[in-house]
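# Analysis of the macromolecular model
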Amino acid sequence: MASYDVIIIGAGPGGYVCAIRCAQLGLKTAVVEGRETLGGTCLNVGCIPSKALLHATHMLHEAEHNFATMGLKGKSPSVDWKAMLAYKDDVVGQNTKGIEFLFKKNKIDWLKGWASIPGEGKVKVGDEVHEAKNIVIATGSESASLAGVEVDEKTVITSTGALDLGKIPKKLVVIGAGVIGLELGSVYARLGAQVTVIEYLDAITPGMDGEVQKTFQRILKKQGFDFTMGAAVQSVEALKTKAKITYKLRKDDSEHTLEADTVLVAIGRKPYTNGLGLDDLGVRLSKRGQIETDDHWQTNVKGIYAIGDAIDGPMLAHKAEDEGMAVAEVLAGKKGHVNYGVIPGVIYTHPEVSNVGKTEQQLKEEGRAYKVGKFSFMGNGRAKAVFAGDGFVKILADKQTDRILGAHIIGPAAGDLIHEICVAMEFGASAQDLALTCHAHPTYSEAVREAALACGDGPIHA
Ligand code: NAI
């Protein structure tokens, strides 16, 4: 048994970042993690491996579609799937070992095993009970299940199975046109699979800017995606080597079926708090199973905190990281803070899609007077040079004060460009502040400046 200032349960982006900050602030820190490697879902079976596969398959797509135009002639590369998976595993290994190194460097103890909280100030791992002045639950989330659909991670898979398939499917059905479905759908579409996405709603990527949704869906269709919208999946039946999917169209209740080699269930994620003993402790959960916390991420039980996917808010690694750092500061007697109004979201397809702040729909609902500055990547020389003119930057600013309220980007490097706007928003900048900032030519970021100019006297290249 050991005694700590803080024990964090879960070594994902929320937990490991919290641990490092706690240690940096002088707290004696341990992290409980039952996986063989650190990094949680994100590093092991989420963000990082999917980005490796997205990168590799994007290279293939470029070779097949754009090389010849640039005078690069010859046969496109063939796919060695096993080698591609090995590359992905290597990337994961480098990252998870990196966290292990950071733990050692910061003198953080890794308590290997699955934790429960037998009482206030106590964390049980295996047969040992450790003491902690404070406990931070950072146990993340798991894939949501769908009634009538049994996942075997071979034919009917979640994102975890999709990162380790035995072979590339000929036909892949994706249930849910959210971030996971479209990113992993892109991987397999580029590898030659026929991808059909079945989505309950009438638009893809719920909650995103309407114009981005439409442009994004049009581009994905051009890339070979097939969409069945407004369809509720009723069941998935695993046959010998295939699966049969039954869905109902919402508009007329008609029932349809289709077959696929592989079915990816990507209908959202839910908090993972199994086995912690929260019921016995009396920790309050919301109806959706999220741990309820106050402004300082403390649950209704003193000394027990929670962050990341296990609590309310967007299920994003970087949101969890920010909460991890903030809660560490609270525990060290400082003033931890997260600005939930400026959390970017990124979809790592090609083109990338990103957003921060309010959508037009939200501003309308709030009855706020706003203006829109939009600029197409077609007017951006750099984007055109690399076949990436499809897409735009859209900035929403307050009509009276010009203060930036939100931004929505679809286009090259959208996931990086958004951060210029995040910083601007953190400083309470106006669109004019961005427009008056010199942007290097030729860069994609000029499209951000042009969108900011479009909030004022107008863009130059449109
Ligand atoms: P999601 O919430 O993004 O999308 C799920 C989609 O499934 C929705 O469009 C929903 O309408 C649809 N759906 C639900 N039930 C359905 C049914 N019965 N039939 C047909 N469609 C149905 O969830 P997703 O893609 O599974 O992602 C889970 C979480 O992981 C999200 O919070 C996401 O933000 C996060 N994530 C973030 C990534 C990123 O930041 N790039 C990458 C991957 C995941």
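Just so you know, the residues in each chain are numbered from 1, in the order the chain's sequence is written. For this predicted model, a pLDDT threshold of at least 70 governs which residues receive local features, and a threshold of 80 or more governs which side-chain atom pairs are given and counted, while totals over whole chains, interfaces and linings are taken from all residues. Processing note: side-chain calculations cover all non-hydrogen atoms of the structure and skip hydrogens and water entirely.

## Let's talk about unusual backbone geometry
With an omega dihedral of 0°, the bond running from His350 to Pro351 counts as a cis peptide bond. Numbered from the N terminus, helices here are DSSP runs of H or I no shorter than four residues, and strands are runs of E no shorter than two. Of note, Pro351 is situated in the loop between strand S18 (345-347) and strand S19 (352-357). Looking along the chain, the bond that leaves His441 and enters Pro442 is cis, with omega of 0°. Relative to the helices and strands, Pro442 resides in the loop between helix H13 (431-435) and helix H14 (445-454). For Glu153, which is not glycine, the phi torsion reads 60° and is therefore positive.

## Section: the site of the ligand
In the vicinity of the ligand there are 23 residues, among which Ile180, Glu183, Glu199, Gly268 and Val346 approach most closely. Counting of polar contacts relies on pairs of N or O atoms within 3.5 Å, with two restrictions inside protein: one atom must be capable of donating a hydrogen and the other of accepting it, and residues adjacent in sequence are counted only when both atoms are side-chain atoms. A distance of 3.2 Å separates an oxygen atom of the ligand from a polar atom in the backbone of Val179. In this structure, Ala266 approaches the ligand through a main-chain N or O atom, which is 3.4 Å from an oxygen atom. Residue exposure ignores everything except the shown protein chains as possible cover, and the areas themselves are Shrake-Rupley values with a 1.4 Å probe. Within the complex, the protein chains bury 80% of what would otherwise be the 850 Å² of accessible surface of the ligand. Those elements that provide at least two residues to the shell around the ligand are helix H6 (179-190) and strand S12 (231-238). Per element, the largest residue contribution to the shell around the ligand is 3 residues, and it comes from H6. Classes in brief: Ala, Val, Leu, Ile, Met, Phe, Trp, Tyr, Cys and Pro nonpolar; Asp, Glu, Lys and Arg charged; the others, Gly included, polar. Among the residues forming the shell around the ligand, the class breakdown is 17 nonpolar, 3 polar and 3 charged. Near residues are defined by distance, with any heavy atom within 4 Å of the molecule or strand qualifying the residue.

## Considering the side chain of Gln217
Tracing the sequence through the fold places Gln217 in helix H7 (residues 210-222). Judged by its relative accessible area of 14%, Gln217 is buried. Residue contacts are defined here by distance: any two heavy atoms, one from each residue, within 4.5 Å place the two residues in contact. When near neighbours in sequence (up to four residues on either side) are disregarded, Gln217 contacts Ile204, Phe227 and Met229. Exposure is judged per residue with a 1.4 Å probe applied to protein chains only, and the accessible area is read against the type maximum: over 50% gives exposed, under 20% gives buried, and values in between give partly exposed.

## A word on the sheet that holds strand S20 (residues 370-376)
Only when DSSP finds a minimum of two bridges between them are two strands counted as paired. In space, the 5 strands of this open sheet follow the order S18-S19-S22-S21-S20, with antiparallel pairing throughout. Sheet topology places S18 and S20 at the edges, where each strand pairs with a single neighbour. Across the sheet, the axes of successive neighbouring strands diverge by a mean angle of 10°, strand direction being ignored. Here 7 bridges tie S20 to strand S21 (residues 392-398), and the two strands are oriented antiparallel to one another. Across the sheet, the residue bridging to Lys374 is Lys394, located in S21. To obtain each axis, a line is fitted to C-alpha atoms, and for helices this fit is confined to the stretch in contact; angles are then taken between N-to-C directions over 0 to 180 degrees. Contacting S18, S19, S20, S21 and strand S22 (404-411), H7 runs over the sheet at an angle of about 5° to S22.

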